[in-house]
Each structure stands twice: as structure tokens, then as C-alpha cells.
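Here is what each chain is made of, one letter per residue.
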Amino acid sequence: MVELKTPLDDRAVAALSAGDRVLITGHLYTARDAAHERLVKALEAGQRLPFDLAGQIIYYVGPSPAKPGRVIGSAGPTTSGRMDPYTPALLERGLKGMIGKGSRSAAVREALKKYNAVYFAAVGGAAALITKCIVGCELVAYEDLGPEAIRRLRVERFPVVVINDARGGDLYEEGLRQYSQAGPA
Amino acid sequence: MREVDVSLVTAAVDKLCRSANEVLGEDVLQALRAALDSEESPAGREVIGQLLENARIAREEGEPMCQDTGLAVVFLEVGQEVRLVGGDIEAAVNEGVRRGYVGGFLRKSAVKDPLDRKNTGDNTPAIIHTRIVPGDRVRVVVAPKGGGAENMSALRMLTPADGRDGVKAFVVDVVRRAGPNPCPPVVVGVGLGGTFEKAALLAKEALLRPLGQHHPDPAVAALERDLLTEINRLGIGPQGFGGRVTALWVSVLTYACHIASLPVAVNVNCHAHRHAEAVV
């Protein structure tokens, strides 16, 4: 088990390998479909982003609302592939990690190598369990997007698995190599 | 005629939206426990253990088991001896969804326009499927459907010559292409026959059958077994980390179809296989 603190530095990222189990302590920024569209539009328009991407991790999540007395509602990962078209531009600006679930495009996997960044998965649908590791939540931007607004989460030992490392390793491909008994597609 | 006030349907839908999202069915829990035994991959077993723990926390603490509390898919079976009074039945269903999702702290995941994409703020409108059936009761089923698994679903109009093998190849290919995206282990609903839209609805309805219960027709049950075996040879495993349990169950529903057609629809559901029902 690897313990990581945010913001991530290049050495810590480079040391990660597909399949590593990691506990993250520090901050994560939430963003999913609509927030990504706005972030990339802002970049294209030459505007400042609502947070500095350098060394940060984006968590693809749209949490459910917090019940009274709780920090946040359920907060498991959403499918990452939908963010693929926006991701290389964010990695180019210094984003170091992403947390979601499911496969990334070839372009994103290449960008991870080029910019020395990492893609993690959290367990999809284990949202009530994952929420236990989130100890703080504040709004950063795009409140009008509701569950899709950007929030800064404070997390303690938030459990993830490295899917794509910065050297081209891919846990999903590795899993299929090990367990597939089916013929080629 | 038995009069049923639609406010009773509103109350039922409100309650069912909450319970479906917080309480995973005993059939799914049993399937997950069985998967824990049959899964060879250590990473896969760890995931399944976490899903069981997640279900316990959701039930005991009243948290949604998944943050994607879904679009509210509502099946209404209205007895033909029922007269609905007190308002518009679809408005009553939507009011129940509004109360359940707002009052129950469930996520609002509906956008008003598929291209403009502004959140409606209360998770309405519901997707409502109504059937008129014999009797004097109204059966209400709420099946919240998450977007990640729904996006992996597919429909193809096969031709009669494609036959059973063609159906199998298509269904398995849909699950293969979905890979880790729909939060495996998945539950697969298959609609076979009918027309284009009937096949899709059958696939959704197939997801309502309890896990562990095969189709009563032995030939369809055999197809379900074959599909489950082939899907679990794919090696995708829990969360796509590699393993034996890619699907917990496959349910197939069939219907008559045109002499030229063999429609097949595959509705993929995640392990958060939610539905709850009430009779009014």
C-alpha cells in the first residue's frame, strides 16, 4: 500500500505502477462532464481557471447532497471516458492525477506518459463506503451546475488503485491478460 | 370500479425512490456473497467485499448506495377495474419523484434538454411505463437507473439467420466492449424479439426479475445460463481489475416478432441493482 499526499510531485507520480493500491491524503477537486466543458472553454478563451491545476488531482464525481450534519452525501466515481476529450489539455497545464472508473482513450494514455501523470480508479458503486474518507467539502466554482459543480474535498487515506501509470502500464489490460478465457473479439 | 386517489401513488413513489436507493435487495446481496466464493482474483474478492460493506453502510446509515441515484424509471401496472381520481397520474408520479429525490437527499441527475443540458433540479421527469392489467390494484415499481451502466447498453436488429449464436455473440460483445465502465459485476437484461422499441423495454423489464430466478421456459433459461458462462469467461472481473465474476446474472425476456426480424436489446445494469415496489 502506497501513501500519497497532495499536491503530487513528479517523483511520486513516476514511482507509481499500474495495480498499486494507494491511499491519498490531502485535497481532491471534483469535476465531471459539465465542469470539464467549462474548464476547457475557459482555457481556450485564455481565462484563469477557478483553481490552479499544478500537482492536483481531479476526482470525477457528482456527489449526492449531504444529509444534515454530514460533510457530503455518497461520493463514488463516475465513468472517466466521458472526460477523455478534455483531459489532455488539463494535463498539459499541470494536472497530475485523476480518479474515476473505466477505460481511458489512447490519447489520454499517451498524455499521461508525456506529462508524467497518473489515472486512478476508486471502486465504482462503493459510494457510501468511500464517503467515510471525505472529511471536508467546499464549493470552488460553477455552483449553478448542482451536483456537477467543482468542489474541493479534504480526504484522509482515500483508497484508489493505479489503472494507468506514467510509463504506459494498464491494470485493465493486465487483468484481461491474466483472467480472460474468451477468444479474441 | 375501485377509486384510487393519485396522491397514494405520489406517496408510494416518494417512499420507493428512497428505499430503492438505500436498501440493496436480498437477491443481489446473495449473488454478491456467492461471487465472493467463486471469484479467484484477490483484487476481485476485495472489491466484492467492499460492495457488501457498502450495502451495509447504505442500509444502516440511510445513505444512497451509489451517488448516481439514477433517473427514476417507474413501471405502473394499473388494474382495469381502477378509476384514478384526484389528478393527472403522470403528474402524481413526478411529484413522488420530486419529493423522494429532494426530501431524501438523492442526487438530481436529470437535464431538461438532451442538448441544452440544464439540470431540472428535482430529478423529474421520471421515465414512466404504464400497462393496463386485470384487477383493481395499482402496482408501482421504481427502478432508479444510473447513467454509467445505461450508457453501455445497446440494441441491434439481427436477422433470423443470425439465430441463437448471433444473439449470444452480440450480447457477449456488448459486455466485452463495456469492459470496466459499467461497474462490474453487472446484471444483464436482454430483450429478444418484438420490435425495435419492444425489445428495449423487454430488456429493461428483464432487470426486474429477482437474481437467481431463471426464465420459466427451459430453452430461454438455457440461453441465460450460456450467456452468463460466456460473459464470465471474458475475464473483466469486478471493477475490471480482472477476474471470473464479470456478471452476477443474465435475465432474458422474449416476445413474438416479425418473420424478417430478430431484434435483440441489451440493458446493462451495475451491481447497484436497484428496484422497489408497492401495491396501491
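Residues numbered from 1 in each chain as written. Chains lettered and ligands numbered in written order. Predicted model: local features only at pLDDT ≥ 70, side-chain atom pairs only at ≥ 80, totals over all residues. Heavy atoms only, no water.

**With respect to the overall build of chain B**
When helices and strands are tallied, chain B shows eight helices and 10 strands. Taking 280 residues into account, the globule formula puts the C-alpha radius of gyration at 19 Å, and chain B, at 19 Å, falls close to it. In terms of its C-alpha atoms, chain B occupies a principal-axis envelope of roughly 55 × 50 × 40 Å. Within chain B, the proportion of its 280 residues that are buried is 54%. As displayed, chain B has an accessible area near 11500 Å², and 54% of this comes from carbon and sulfur atoms. (Helix = DSSP H or I, 4+ residues; strand = E, 2+ residues; numbered from the N terminus. Rg over C-alpha atoms; globule rule 2.2 N^0.38 Å. Buried < 20%, exposed > 50% of the residue type's maximum accessible area, 1.4 Å probe, protein only. Areas by Shrake-Rupley, 256 points an atom, 1.4 Å probe, with all protein chains shown as cover.)

**Let's talk about the pattern of salt bridges**
Taken as a whole and assessed by the stated rule, the structure comprises 41 salt bridges over all chains. Arg177 of chain A is the salt-bridge partner of Glu174 of chain A, the closest N and O atoms lying 2.9 Å from each other. Taken together, the residues span about one helical turn, with Glu174 of chain A and Arg177 of chain A both in helix H6 (residues 171–179) at a distance of three residues. You can call Glu174 of chain A partly exposed: its relative accessible area is 36%. Residue Arg56 of chain B is joined to Glu53 of chain B by a salt bridge in which the shortest nitrogen-to-oxygen separation is 2.8 Å. Of this pair, Arg56 of chain B and Glu53 of chain B both sit in helix H3 (residues 42–61), three residues apart, which is roughly one turn of the helix. The exposure class assigned to Arg56 of chain B is partly exposed, which follows from its relative accessible area of 31%. (Salt bridge = Lys/Arg side-chain N within 4 Å of Asp/Glu carboxyl O.)

**Some remarks on the nonpolar core**
The biggest cluster of nonpolar side chains holds 86 residues, and the ones touching the most others in it are Ile150 of chain A together with Val171, Val188, Ile231 and Leu248 of chain B. When sequence neighbours within four positions are dropped, the list of residues in contact with Val188 of chain B reads Val171, Val175, Leu207, Ile231, Ala247, Trp249, Val250, Ser251, Val266 and Asn267 of chain B. (Core = buried A, V, L, I, M, F, W, Y, C linked by side-chain atoms within 4.5 Å. Contact = heavy atoms within 4.5 Å.)

**Quick look at the interface of chain A and chain B**
Each partner contributes residues to the interface: chain A has 47 residues there, and chain B has 43 residues. Contact with chain B buries surface across chain A, with Lys67, Tyr179 and Gln181 of chain A losing the most and accounting together for 18% of the total. Taken together, the links from chain A to chain B amount to four salt bridges. Across the salt bridge formed by Glu63 of chain B and Arg70 of chain A, the nearest N and O atoms sit 2.5 Å from each other. One can count 23 residue pairs in polar contact (both at pLDDT 80 or more) joining chain A with chain B. Those elements that place two or more of their residues in the side of chain A that touches chain B are helix H5 (127–130), strand S7 (150–164) and H6 of chain A. At five residues, the largest contribution of residues to the side of chain A that touches chain B is made by H6 of chain A. (Buried area = accessible area lost by both parts, 1.4 Å probe. Polar contact = N/O pair within 3.5 Å; in protein donor to acceptor, adjacent residues only side chain to side chain.)

**As for the packing of helix H2 (residues 26–38) of chain B against H3 of chain B**
Residue and element names in this part refer to chain B. One way to put it is that H2 packs onto H3 with a least axis distance of 9 Å and a crossing angle of 155 degrees. Between H2 and H3, the angle is such that the two are roughly antiparallel. At the point where H2 passes H3, the crossing takes the left-handed sense. Contacts between H2 and H3 involve Leu29, Leu32, Arg33, Ala35 and Leu36 from the former and Arg45, Ile48, Gly49, Leu51, Leu52, Ala55 and Arg59 from the latter. (Axes fitted to C-alpha atoms, helices over the stretch in contact; angles between N-to-C directions. Parallel < 35°, antiparallel > 145°, perpendicular 65-115°, else oblique. Left-handed = near helix turned anticlockwise from the far one by under 90°.)

**Comments concerning the pairing of strand S4 (residues 97–100) of chain A**
All names here are of chain A. Of the two faces of S4, the one lined by Gly97 and Ile99 and the one lined by Met98 and Gly100 are each fully buried. Inspection of the sheet shows strand S3 (residues 57–59) paired to S4 by three bridges, in the parallel sense. Considered in S4, the bridge of Ile57 is made with Gly97. The parallel pair S3 and S4 is bridged by helix H3 (residues 87–92), and the resulting crossover is right-handed. Of the strand pairs in this sheet, S4 and strand S5 (residues 118–121) are connected by four bridges, and their pairing is parallel. Within the sheet, the bridge partner assigned to Ile99 lies in S5 and is Phe120. In this region the chain leaves S4, passes through helix H4 (residues 106–115) and returns to the parallel neighbour S5; the handedness of that crossover is right-handed. (Pairing = 2+ DSSP bridges. Right-handed = clockwise from strand over helix to strand, strands pointing away.)

**Description of the sheet that holds strand S9 (residues 262–269) of chain B**
Two orientations exist for strands paired in a sheet by backbone hydrogen bonds: parallel and antiparallel. All names here are of chain B. Taken together, four strands build an open sheet; the order of strands is S6-S9-S7-S8 and the sheet is mixed. Each edge of the sheet is formed by a strand with only one pairing partner; in this case those strands are strand S6 (154–158) and strand S8 (247–257). Averaged over neighbouring strand pairs, the angle between their axes works out to 15 degrees when direction is ignored. The pairing of S6 with S9 spans five bridges and is antiparallel. Residue pairing in the sheet places Ala154 in a bridge with Val266 of S9. Together, S6, strand S7 (186–194) and S9 form the strand contacts of helix H6 (residues 163–178), whose direction differs from that of S9 by roughly 30 degrees. Its contacts with the sheet place helix H7 (residues 196–206) against S6, S7, S8 and S9, and it is angled at close to 145 degrees to S7.

**A look at H3 of chain B**
If you check H3 of chain B, its first and last C-alpha atoms are 28 Å apart, about what 20 residues at 1.5 Å a residue would give, namely 28 Å. The complete set of buried residues in H3 of chain B reads Gly44, Val47, Ile48, Leu51, Leu52, Asn54, Ala55, Ile57 and Ala58 of chain B. Buried residues in H3 of chain B make contact with H5 of chain A together with helix H1 (6–22) and H2 of chain B. Looking one or two places after H3 of chain B, you find Gly62 of chain B, whose phi comes out positive at around 65 degrees. (Expected span 1.5 Å × (residues − 1).)

**Re helix H2 (residues 33–44) of chain A**
Residue and element names in this part refer to chain A. Look at H2: 17 Å from first C-alpha to last across 12 residues, which is about the 16 Å you get at 1.5 Å a residue. Among the residues making up H2, those that are buried are Ala34, Ala35, His36, Leu39, Val40, Ala42 and Leu43. Contacts from the buried residues of H2 go to S3, H3 and S7. Once H2 finishes, Gly46 follows within two positions and takes phi at roughly 75 degrees, a positive value.

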